[in-house]
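Below, each chain spelled out in residue letters.
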Amino acid sequence: MHTPDWVAQGQPHIWLPYAQMKTVTPPLPVVRSHGSRLELADGRSLIDGVASWWTACHGYNHPHIAQAVRAQLDAMPHVMFGGLTHEPALTLARRLAGLLGPGLDRVFYTDSGSVAVEVAMKMAVQFWLNQGERGRSRFLAFRGGYHGDTFGTMAVCDPEDGMHSLYRGMLAEHDIVDLPRDDASYAALDHYLQARAPQLAGILVEPLVQGAGGMLLHEPDVLRRLRKLADRHGLLLIFDEIFTGFGRTGTLFAFEQAGIKPDIITLSKALTGGTLPLAATVASNRVFDAFWSDNPAHALMHGPTFMGNALACAAANASLDLFESEPRLAQAQALSVALAAGLEPCRELPWVRDVRVLGAIGVVELDNIIDREALKRRLVDAGVWVRPFGNVVYLTPALTIDGDDLATLIRAVVAVLRQQRP
Ligand SMILES: Cc1ncc(COP(=O)(O)O)c(C=O)c1O
């Protein structure tokens with residue numbers, strides 16, 4: 001198999017994500033993408049089953065986004081957001097606020113999901129400080145949760161998760177509990193908060209799906225309970241929709257399925273249709289008003305260099321155009337039906353513990369995966385790009401994946417899982 005020079009020459013200088021560099025399977029060199037396809041340097045074409053960590057919701061290289069980014073590149077790729085502003089950023093803020101609806105009104109831009117969550121946490125802590133309430137520096141977050149890789153966000157992830165447990169002694173302490181899935185656990189959490197609320201700034205949760213923590217689903221009722229608890233105990237409610245936002249769960253935002261709203265929401269991943277890094281933390285006017293003051297110390301002290309990047313905002317505006325002009329939510333619903341039917345045969349395999357589907361997310365949970373690298377190789381040999389983690393194999397393809405590619409993708413996953421215990 002031909003290995004391009006740039007691989008041989010660059011590989012000794014690269015450090016890969018979440019990888020033991022000594023034993024990791026070398027990454028596959030990709031030279032082109034289109035639709036739901038990744039073209040490899042050796043000429044192979046893989047069907048992408050995960051849309052590049054859930055970002056490429058319209059598939060790769062959508063011409064409408066490409067054209068918008070090209071035009072923006074000619075006009076102005078980037079200017080600092082401190083003291084300057086521009087049309088793509090303000091238009092995007094207006095459109096996001098319009099889509100999220102009243103109660104999610106003010107948009108703060110960052111350039112990654114983790115930092116968007118950091119900003120949400122800073123907003124919540126300072127919301128109380130600006131009103132003279134000291135000591136509310138902790139968050140209530142949930143087992144199975146994942147909110148990012150920075151020091152602030154690692155501290156609100158599942159503490160047992162192998163990804164971050166190494167850093168435990170260095171992380172801020174928060175209250176990590178089970179999601180209140182039924183009346184009894186709701187009552188227990190209510191009781192717990194009676195004592196704990198004065199030390200908490202807010203409640204942080206991924207609505208409907210805890211993604212990187214294991215693709216764990218919960219009912220919309222859990223979110224309604226959390227809204228009730230936040231209101232009863234005077235806490236801010238933060239929804240991390242970095243994974244779920246923009247159609248992934250079948251509605252544009254996951255919170256719509258619960259009929260309630262958070263006080264702060266974080267968005268990233270599919271915000272630019274998977275083209276450029278951008279994230280947004282959107283707060284209610286009530287949160288924002290706590291910062292509106294004659295006191296300069298009440299300002300939100302945050303401002304990444306590439307905040308509000310014009311190219312990324314242009315891409316995000318173009319992505320929102322596509323949600324308006326193309327039937328993305330109907331495509332997500334159709335994907336849901338196809339994933340549920342297609343993955344169902346996995347349920348009969350003795351090493352499969354559960355098969356579950358929500359929106360355009362299909363999950364096969366195994367008892368365990370003995371050799372994950374071998375499983376990945378077998379999936380690639382079957383012509384699909386799927387990245388199992390922990391004990392789950394999941395599919396989150398582009399919402400636009402065509403019927404033939406989807407059928408091939410699902411068939412390949414089922415066949416590989418059936419062949420032998422992974
Ligand atoms: C729900 C959620 N929050 C936060 C993050 C962190 O985003 P990023 O990797 O862009 O920092 C992720 C990433 O997977 C996520 O799924």
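Not measured: the values here are computed from a predicted model.

**Some words on the UniProt feature "binding site: substrate" (unreviewed entry) in the protein chain**
- Summarizing the sequence annotation, UniProt attributes the feature "binding site: substrate" (unreviewed entry) to Trp53, Tyr146, Lys269, Gly303 and Arg387 in the numbering used throughout. Their sequence span is 335 residues, while the largest C-alpha to C-alpha distance among them is 33.4 Å; these annotated residues do not converge on one region.
- Along the chain, Tyr146 falls in the loop between β5 (138–142) and α6 (151–154).
- One polar contact links Tyr146 to Asp149, side chain to side chain, over a distance of 2.6 Å.
- In this structure, Gly303 sits in the loop between α9 (285–289) and α10 (310–325).
- The exposure class assigned to Gly303 is exposed, which follows from its relative accessible area of 55%.

**Thoughts on the packing of aromatic side chains**
- Under the definition given, this model contains 11 aromatic pairs.
- Measuring from ring centre to ring centre gives 4.0 Å for Trp54 and Phe243, while their planes differ by 45°; the resulting arrangement is tilted. With Trp54 in helix α2 (residues 51–54) and Phe243 in the loop between β10 (236–240) and β11 (264–267), this residue pair connects regions lying 189 residues apart in the sequence.
- Taking the relative accessible area as the measure of exposure, Trp54 reaches 7% and is therefore buried.
- Relative to Trp292, the ring of Phe288 lies with its centre 5.8 Å away and its plane at 50°, an arrangement referred to as tilted.
- Taking relative accessible area as the criterion, Phe288 reaches 23% and is therefore assigned partly exposed.
- Taken together, Trp54, Phe243, Phe389 and Tyr394 form an aromatic cluster joined through their ring pairs.

**Looking at the UniProt feature "modified residue: N6-(pyridoxal phosphate)lysine" (unreviewed entry) in the protein chain**
- Under the UniProt annotation, "modified residue: N6-(pyridoxal phosphate)lysine" (unreviewed entry) lies at Lys269.
- Along the chain, Lys269 falls in the loop between β11 and β12 (279–283).
- With near-sequence residues (within four places) excluded, Lys269 lies in contact with Trp53, Trp54, Thr55, Ile242, Phe243, Gly274 and Leu278.
- Here Trp53 takes part through its backbone oxygen, which lies 3.4 Å from a polar atom of the side chain of Lys269.

**Brief notes about the side chain of Asp48**
- Of note, Asp48 is situated in strand β3 (residues 45–48).
- One buried charged residue, Asp48, forms no salt bridge at all, with the nearest opposite charge on Arg248 at 8.9 Å.
- Polar contacts involving the side chain of Asp48 include one to the main-chain amide nitrogen of Ser52, which spans 3.2 Å.
- A distance of 2.4 Å separates polar atoms of two side chains, one belonging to Asp48 and the other to Tyr60.
- Those residues within four positions of Asp48 in sequence are excluded, and the remaining contacts are Ser36, Leu38, Tyr60, Trp385 and Pro397.

**Let's talk about the layout of surface pockets**
- Of the volumes computed, that of the second largest pocket is approximately 380 Å³.
- Around the second largest pocket, the lining comprises 16 residues; the ones closest to its centre are Arg106, Val107, Phe108, Phe288 and Leu300.
- Contributions of two or more residues to the lining of the second largest pocket are made by α4 (87–100), β4 (106–110) and α9.
- Here the lining of the second largest pocket is composed, by residue class, of 12 nonpolar, one polar and three charged.

**Some thoughts on the state of the cysteines**
- Counted under the stated rule, the structure contains zero disulfides.
- Here Cys57 is not cross-linked by a disulfide; its sulfur's nearest cysteine counterpart is in Cys313, at 16 Å.
- Cys57 gets classed as buried once you look at its relative accessible area, which sits at 1%.
- Judged by its relative accessible area of 0%, Cys313 is buried.

**Digging into the site of the ligand**
- All residues adjacent to the ligand are Trp54, Ser112, Gly113, Ser114, Tyr146, His147, Gly148, Glu206, Asp240, Ile242, Phe243 and Lys269.
- At 3.1 Å from an oxygen atom of the ligand is found a side-chain nitrogen or oxygen belonging to Lys269.
- In the complex, the protein chains occlude 84% of the 390 Å² of accessible area that the ligand would expose alone.

**A short note on the sheet that holds strand β15 (residues 384–385)**
- Judged by pairing direction, the sheet is mixed, and its four strands sit side by side in the order β1-β2-β3-β15 without closing on themselves. The sheet terminates laterally at β1 (30–34) and β15, the two strands that pair on one side only.
- As paired elements, β1 and strand β2 (residues 37–40) share four bridges and run antiparallel to each other. Among the inter-strand pairings, His34 is bridged to a residue of β2, identified as Arg37.

Criteria and thresholds
- Residues numbered from 1 in each chain as written.
- Predicted model: local features only at pLDDT ≥ 70, side-chain atom pairs only at ≥ 80, totals over all residues.
- Heavy atoms only, no water.
- UniProt positions renumbered as here; feature names shortened; annotations may be inferred.
- Helix = DSSP H or I, 4+ residues; strand = E, 2+ residues; numbered from the N terminus.
- Polar contact = N/O pair within 3.5 Å; in protein donor to acceptor, adjacent residues only side chain to side chain.
- Buried < 20%, exposed > 50% of the residue type's maximum accessible area, 1.4 Å probe, protein only.
- Phe/Tyr/Trp six-rings, centres within 6.5 Å; stacked < 30°, edge-to-face > 60°.
- Contact = heavy atoms within 4.5 Å.
- Lys, Arg positive; Asp, Glu negative; His and termini not counted.
- Salt bridge = Lys/Arg side-chain N within 4 Å of Asp/Glu carboxyl O.
- 1 Å grid on protein atoms, 1.4 Å probe; cavity = no way out; pocket = protein on both sides within 12 Å on 5 of 7 lines; lining within 4 Å.
- Points joined across faces, edges and corners; volume = space filled by probe spheres on them.
- Nonpolar A, V, L, I, M, F, W, Y, C, P; charged D, E, K, R; others polar.
- Disulfide = S-S within 2.5 Å.
- Near = heavy atom within 4 Å.
- Areas by Shrake-Rupley, 256 points an atom, 1.4 Å probe, with all protein chains shown as cover.
- Pairing = 2+ DSSP bridges.

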